[in-house]
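# Structural overview
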Amino acid sequence: MSSIVPTDLTDADWRALHDLAVEAMAQAYAPYSRFKVGAAALVDDGRLVSGCNVENAGYGVTLCAECGLVSELVRTGGGRLVAFACVDAHGRACAPCGRCRQLLSEHAADGMVLAMPSGRMTIDEVLPDRFTADDVERVVDEQS
């Protein structure tokens, strides 16, 4: 089975991601902020995964849409995220917060592309010099 790479994506692929993100957003639980968010991504094996935000009265335990998406990714077999779209309640592109950019980075394929409000950008563009497992390994190796 060949892996999908970000450069393989067509406009139809991006529309499908957007539509799935809108579908996920419609299921969001946002009674406090009323800021519904949906996210969708294409996995390197061709699967689509999605998630929506789930708020909580204890604001610190609120889950972003990206958390649900990554949970679904792991639950359905893992893999690497190739392309990502996130939308607000109006279906407009919504930028992941810094925490979620780091979360997505952990599961990103090389060159993963995100649909950002200003256009499509790679994970390296939206999170330059990101912290990775290589950083952890370097410290662990130095302590050995």
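In what follows, the structure referred to is the one given above.
Our subject in this report is the structure included herewith. (Residues numbered from 1 in each chain as written. Predicted model: local features only at pLDDT ≥ 70, side-chain atom pairs only at ≥ 80, totals over all residues. Heavy atoms only, no water.)

### Topic: the pattern of salt bridges
Opposite charge on two side chains makes pairing possible when the charged atoms of those side chains draw close. Stated precisely, the cut-off is as follows: We define a salt bridge as a contact between a side-chain nitrogen of Lys or Arg and a carboxyl oxygen of Asp or Glu at a distance within 4 Å. A 1.4 Å probe rolled over the protein chains alone gives each residue an accessible area, and that area as a share of the maximum for its type sets the label: buried under 20%, exposed over 50%, partly exposed in between. Only runs of H or I of at least four residues qualify as helices and only runs of E of at least two qualify as strands under DSSP, and these elements are numbered from the N terminus.
Scanning the model with the defined rule gives 5 salt bridges in all. The salt bridge partner of Arg47 is Asp45, with a shortest N-O separation of 2.9 Å. Relative accessible area serves as the criterion here: at 32%, Asp45 is assigned to the partly exposed category. Of the charged contacts, one joins Arg138 and Asp135 as a salt bridge, the two residues approaching to 2.8 Å between their closest N and O atoms. Separated by 3 residues within a single helix, Arg138 and Asp135 lie in helix H5 (residues 133-143), roughly one turn from each other. Taking the relative accessible area as the measure of exposure, Asp135 reaches 17% and is therefore buried.

### As for helix H1 (residues 11-25)
In plain terms, the rule: What a helix is expected to span follows from its residue count: subtract one and scale by 1.5 Å. Within this analysis, the arc is defined by the directions that extend from the helix axis to the C-beta atoms.
Between the first and last C-alpha of H1 there are 21 Å, a value that for 15 residues agrees with the 21 Å anticipated at 1.5 Å per step. By the burial criterion, the buried members of H1 are Trp14, Leu17, Leu20, Ala21, Ala24 and Met25. One face of H1 carries all of its buried residues, which in axial projection span an arc of 140 degrees. Across H1 from its buried face, at more than 90 degrees, point the exposed residues Asp11, Arg15 and Glu23.

### Considering helix H3 (residues 98-106)
Since one α-helical turn is 3.6 residues long, residues separated by three or four positions face the same way. Those residues of H3 not exposed but buried are Cys100, Arg101, Leu104 and Ser105. On an axial view of H3, the arc spanned by its buried residues comes to 145 degrees, and they lie on one face.

### Details of unusual backbone geometry
You will see that Arg34, though not glycine, has its phi angle at about 60 degrees, which is positive. Residue classification places Arg34 among the exposed residues on the basis of a relative accessible area of 68%. Notably, Asp129 is not glycine yet its phi reads approximately 55 degrees, a positive angle. Along the chain, the position of Asp129 falls in the loop between helix H4 (123-126) and H5.

### What about the sheet that holds strand E5 (residues 119-122)?
Applied cut-off: Pairs of strands are assigned from DSSP output, requiring at least two bridges between the strands. Angles run from 0 to 180 degrees between N-to-C directions of axes, and those axes are lines fitted to C-alpha atoms, restricted for helices to the stretch in contact.
A sheet is described by the order of its strands in space; here 5 strands give the open sequence E2-E1-E3-E4-E5, paired in mixed fashion. Where the open sheet ends on each side, the last strands, each with one partner, are strand E2 (48-52) and E5. Within this sheet the neighbouring strands show an average axis-to-axis angle of 20 degrees, counted without direction. Pairing of strand E1 (residues 38-43) with strand E3 (residues 81-87), which is carried by 6 bridges, proceeds in the antiparallel orientation. Bridging from a neighbouring strand, Leu42 pairs with Ala83 of E3.

Everything listed is a geometric property; what it means functionally is a separate question.
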